[in-house]
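# Structural overview
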Amino acid sequence: AKGRWALSEPAPDGGKLELAGARPYWLPGGVANDLALGGLQILTSPNASGKSTLLRTVGAIALLGLCGLHAPARRAAVPQYHMLYFRTASSDDASQGLSSMALELRDLRTMMRCAHPERPNLVLTDEICKGTSSLEGSCFFAAMLEWMDRRPFHAILATHLYEVLDLPFRCSRLRTVRMRVTPS
């Protein structure tokens, strides 16, 4: 539809990912969201509230923006990310004898090794550490956040690990965000 896709613009060096009216283009009547991301965000909300859809929308717009293409938003300012990392699935691989947690750890290790130490990296994860106990998952999640906080990451980490919110983080760029609906 006319006016529903905007030509993305590069964010200034060191700038935030800024989206206005970002929509999931694959969902007719999908909800538009505004977002400014320049650090780490823990995203919480109940099941079926749109966390996964928001992550996919942000990922699609970031990729389109890096290519200099139109994005499904009124406005999209996208930093020149070195790496886009997106992980949503959680399943095991019985043929290789790997649990879902083992696969998550392998994928996160790859992300950590490929991340650029000085240029921004975008990380979007959905329900990371789902394949283990809440205590172990929360501790690993916290360690990963503290590692990311010392590097130029922009990240949205959606989780149901509410225990992680009570941990004493040593992160200077961390925000906790809870999705909500604003009446129009």
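Residues numbered from 1 in each chain as written. Predicted model: local features only at pLDDT ≥ 70, side-chain atom pairs only at ≥ 80, totals over all residues. Heavy atoms only, no water.

Moving on to the pairing of strand β5 (residues 40-44). Most of β5 sits inside the fold, with five of its five residues counted as buried. Neither face of β5 is open: one carries Leu40, Ile42 and Thr44, the other Gln41 and Leu43, and all of them are buried. Looking at chain direction, β5 and strand β10 (residues 153-158) are connected through four bridges and run parallel. The partner of Ile42 across the bridge, within β10, is Leu157. Across five bridges, β5 lies against strand β11 (residues 174-178) in parallel orientation. Among the inter-strand pairings, Thr44 is bridged to a residue of β11, identified as Arg178. (Buried < 20%, exposed > 50% of the residue type's maximum accessible area, 1.4 Å probe, protein only. Helix = DSSP H or I, 4+ residues; strand = E, 2+ residues; numbered from the N terminus. Pairing = 2+ DSSP bridges.)

With that settled, the discussion passes to the environment of Ser90. Among the secondary structure elements, Ser90 is positioned in the loop between β8 (83-87) and α2 (100-114). Separated by 36 residues in sequence, Ser90 and Asp126 have C-alpha atoms that sit 9.0 Å apart. Residues within four places of Ser90 in sequence aside, it is in contact with Ser100, Glu104, Glu127 and Lys130. (Contact = heavy atoms within 4.5 Å.)

Read from one edge of the open sheet, four strands run β2-β7-β3-β4, paired in mixed fashion. On the outer flanks of this sheet lie β2 (9-10) and β4 (33-37), each paired with one strand and no other. Where strand β3 (residues 17-22) and strand β7 (residues 75-78) come together, three bridges link them in antiparallel fashion. From the neighbouring strand, Ala20 faces β7, where its bridge partner is Arg75.

Despite not being glycine, Glu127 shows a phi value in the positive range, around 60°. For Glu127, the position within the fold is in the loop between β9 (121-126) and α3 (134-149).

Taking strand neighbours across the sheet as the criterion, the five strands line up as β8-β9-β10-β5-β11 in an open arrangement whose pairing is parallel. The sheet terminates laterally at β8 and β11, the two strands that pair on one side only. The average undirected angle you get between the axes of adjacent strands in this sheet is 10°. When β9 meets β10, the two strands line up parallel, connected through six bridges. If you follow Leu122 over to β10, its bridge partner there is His154. On top of the sheet, helix α1 (residues 51-66) reaches β5, β8, β9 and β10; it is set at about 155° to β9, its chief contact. (Axes fitted to C-alpha atoms, helices over the stretch in contact; angles between N-to-C directions.)

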